[in-house]
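Coordinate analysis (summary)
Below are the chains, spelled out letter by letter.
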Amino acid sequence: MIKDNSKYFNKLIPSSFLRNVITLSAGMGFASFISFSFLFVLTRLFSPEEFGKWDIFMRMVQLLAILFTLRFEMTIVLPKNKDEATKVSLLSLFFLFVLSFFSFILCIFFHDYLNILLGDSFDSIWLILLPFGAFLLGFYNILLNWNSRSEKYKNISKSNIIHSSVSSPLSVALSFLGISSALGLILGQIFGRLVAVYFLINNYFIEIKKISYLELYNSSINLIKKYKSFPLYEIPQSILQRFSTDIIFYFTAFSFGGSTVGILSVAEKILVKPLNIISESFKVAFYQRLTVEKNKTLFFLKSVLGLTVFGVLAVCSIYFVPTEFFNIILGNNNWGKVGLYIKIISPLVLSRFIFVIASSVIAYNLKNHLTLIWRILYCILLIILFSFIKWESDEELLLLYSILGALMYLFLGIISFIVLKRNN
C-alpha cells in the first residue's frame, strides 16, 4: 500500500523536484523553528512599538534590495549557457554595488533632511544601515539564484539555518548588553545576513574568476537588451508588490501607532513562517524545474493542488488556536490582539501561499507586463480601500484588506494559468 502511494505521488510531482522542495523545506523549517523559538523570547525583551520600528526598517531594506539589483538576479536561472548566467549575475552585482554606494552617500549628505522626513517613527542613526542592509540582502538574492541554478539546494538550506542561528540569538544578546531598542533587532538581522552571504559566496567566486573583465564588458549591452523586460517590468511590479504587501503596515503605523504595527507584524510571523517553509522552497525549485518540464500546464496544476492541500491544513492548525494562548506564549498582555489578527488575515495569507508560483509562471513566459498591470490594479484598489472607504476599527480595516487580497491573488493565479496554457 505504501509503495503504491509512493508511486502515485512520484507520478503527481517529479521525484527530483520533490527532493529539491524537501531539501529546501527542511532547511527553512529548521531555520524557522529557530526564529520561531526566539520570537517568544524577543517579545519579552522588546516592546510592540520596537517590533513595529524594526518591521518598518526591514521592509524598507527589502524595497531597496529590489531596486539596487534591477531584478537581473531573476534571470540567472534562465540561460542554458553557464557563462551567460555568470555574466548576468555579475551584471546584477555591479548594479547592486553602485546603487548601494550611491544611496549611502545620499544618506550621509541628506541625513538631516531625511531625519525630518521620517520623523519619530525612524531613528536617524539607522539611515546608514539601510544601504548596507539592502546590499547584503541583494547580494544574498543573487547568490540564492546562482545556487538554485546549480541545484545546490543544500547550500541554500544551510544558509537559511545560519541566518536564523545568528540573527535572533544576537538580538537577545544585544538586549542583555543594553541595546534593548529596535536597533538590537536590526543589528541581529544584518549580521545574520552577512554570515549567510559569506557561507554562499565561495563556490560563486570560483565561477566568476573564469570570466574576464573585457569579456563581461563586451557582452553587457547585449545581456541588458536581452533581459530588458526584467528591469522594465519586474522593478515596478516588485515595487508595487512591496507596496501592496506593506501598505497595511505603513497605514496602521500612521493611524494607530507603532504598537499596532508590532502586533500585526508578530501575528504575520506566527501565521506566515510555517507557510514560508514550503512556499519559498517551492517557488525556488518550481522556477528552475519549469524551464525543463515538458508538460508545463499539468505541472502547474499539480503544484497548485499540492500547495492548496498543504496551505489549508497549515492555516487551520493555527487559525483554531485560542486567542488567549498567544498572550501566554508571548509573555504579557501587550500582545493581546495577536490571535485576533491571525484569524483576520488568514484568507489573504492562504491565497497568497497557494498562488506564490503565479508570478514565476508569467515571468518565465516573458509576459511580465501582465503582472505589472495586475499590481497596478491591486494597488489602486488598496488606495481606494484606505482612502475612500469608511471603517470603524482596525479589525474592520484588516478584514476588508484580507478579503480583497485573497480575491486578487486568486485572480493572478487564473491569469498565470491562461498565459501558461497559451504559450505551451
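Report follows, based on the coordinates. (Residues numbered from 1 in each chain as written. Predicted model: local features only at pLDDT ≥ 70, side-chain atom pairs only at ≥ 80, totals over all residues. Heavy atoms only, no water.)

Some thoughts on a nonpolar patch on the surface
For the record, the criterion: To count toward a patch, a residue needs a relative accessible area above 30% and no salt bridge. Like charges then connect within 9 Å, nonpolar side chains (Val, Leu, Ile, Met, Phe, Trp, Tyr) within 5 Å. Working definition of accessibility: Shrake-Rupley area with a 1.4 Å probe, residue cover restricted to the visible protein chains. Salt-bridge detection follows one rule: a side-chain nitrogen of Lys or Arg within 4 Å of a carboxyl oxygen of Asp or Glu. Counting from the N terminus, the helices are DSSP H or I runs at least four residues long and the strands are E runs at least two residues long.
Among the surface-exposed residues, F243, I376, I380, I383, I384, F388, I389 and L400 lie close enough to one another that they form a single nonpolar patch of about 670 Å² accessible area. Note on placement: I384 falls in helix α16 (residues 368-388).

Brief notes about the side chain of S103
Selection rule: Residues count as neighbours in contact if any of their non-hydrogen atoms are within 4.5 Å of one another.
On the secondary structure map, S103 appears in helix α4 (residues 82-109). Filtering out sequence-adjacent residues up to four positions away, S103 remains in contact with F68 and P131.

Examining the side chain of T43
Heads up, the condition is: Pairs of N or O atoms within 3.5 Å make up the polar contacts considered here, provided that, within protein, one atom can donate a hydrogen while the other can accept it, and that residues adjacent in sequence are counted only when both atoms are side-chain atoms.
Tracing the backbone through its elements, the reader meets T43 in helix α2 (residues 15-45). Looking at T43, its side chain comes within polar contact range of the main-chain oxygen of F40, at 3.3 Å. Of the polar contacts made by the side chain of T43, one reaches the backbone oxygen of L330; its length is 2.9 Å.

Regarding the packing of helix α3 (residues 48-69) against helix α6 (residues 129-149)
Quick reminder of the rule: Here an axis means a line fitted to C-alpha atoms, over the contact stretch when the element is a helix, while the angle between two N-to-C directions is reported on a 0 to 180 degree scale. Orientation categories follow fixed angle ranges, with anything under 35 degrees roughly parallel, anything over 145 roughly antiparallel, 65 to 115 roughly perpendicular, and all other angles oblique. Helix crossings get a hand from a simple test, with the near helix turned counterclockwise from the far one by less than a right angle marking a left-handed crossing and a clockwise turn marking a right-handed one.
Packing of α3 against α6 brings their axes to within 8 Å, and their N-to-C directions diverge by 60°. In terms of orientation, α3 and α6 fall into the oblique class. Helix-helix and strand crossings are classified by hand; for α3 and α6 the assignment is right-handed. Residue-level contacts link F57, M60, V61, Q62, L64, A65, F68 and T69 of α3 to L129, L130, P131, G133, A134, L137, G138 and I142 of α6.

Regarding the packing of aromatic side chains
We apply this condition: Pairing of aromatic rings covers Phe, Tyr and the six-membered ring of Trp, with a centre-to-centre limit of 6.5 Å; geometry is then stacked below 30 degrees between planes, edge-to-face above 60, and tilted otherwise. We call a residue buried when its accessible area falls under 20% of the maximum for its residue type, exposed when it is over 50%, and partly exposed in between, using a 1.4 Å probe and counting protein chains only. Note on geometry: a ring has a charge over it if NZ (lysine) or CZ (arginine) is within 6 Å of the ring centre and within 35 degrees of the ring normal.
Under the criterion given, the structure shown has 15 aromatic pairs. On the basis of an interplanar angle of 65° and a centroid distance of 6.5 Å, the ring pair of Y227 and F230 is categorised as edge-to-face. For the pair Y227 and F230, one class covers both residues: buried. Taking 5.1 Å as the distance between ring centres and 80° as the angle between the ring planes, the aromatic pair formed by Y319 and F320 counts as edge-to-face. F320 sits in the exposed class, given a relative accessible area of 62%. Ring-pair connections join several aromatic residues into one group, and the members of that group are F72, F94 and F95. Positioned over the ring face of Y140 is R193, at 4.6 Å from the centre of the ring. Positioned above the aromatic ring of Y319 is the side chain of K343, whose terminal nitrogen or guanidinium carbon lies 4.6 Å from the ring centre.

Overview of the environment of I105
Tracing the chain through its elements places I105 in helix α4. On a C-alpha basis, the gap between I105 and A173 in space is 31 Å, while along the polypeptide they are 68 residues apart.

Side note on helix α12 (residues 296-319)
This is how the line gets drawn: To estimate how far a helix should extend, the number of its residues minus one is multiplied by 1.5 Å.
The first and last C-alpha atoms of α12 sit 33 Å apart over 24 residues, in line with the 34 Å expected at 1.5 Å per residue. Within the span of α12, buried status applies to K296, T297, F299, F300, S303, V304, L307, G311, A314, V315 and I318.

Some thoughts on the nonpolar core
As a reminder, the rule being used: Nonpolar cores were defined as sets of buried Ala, Val, Leu, Ile, Met, Phe, Trp, Tyr and Cys residues, with membership established by side-chain atoms within 4.5 Å.
Counting 121 residues, the largest nonpolar core has F51, F57, F139, Y204, I270, V338 and F386 as its most contacted members. When residues in this core are grouped by element, the largest group, 15 residues, is from helix α11 (residues 258-290).

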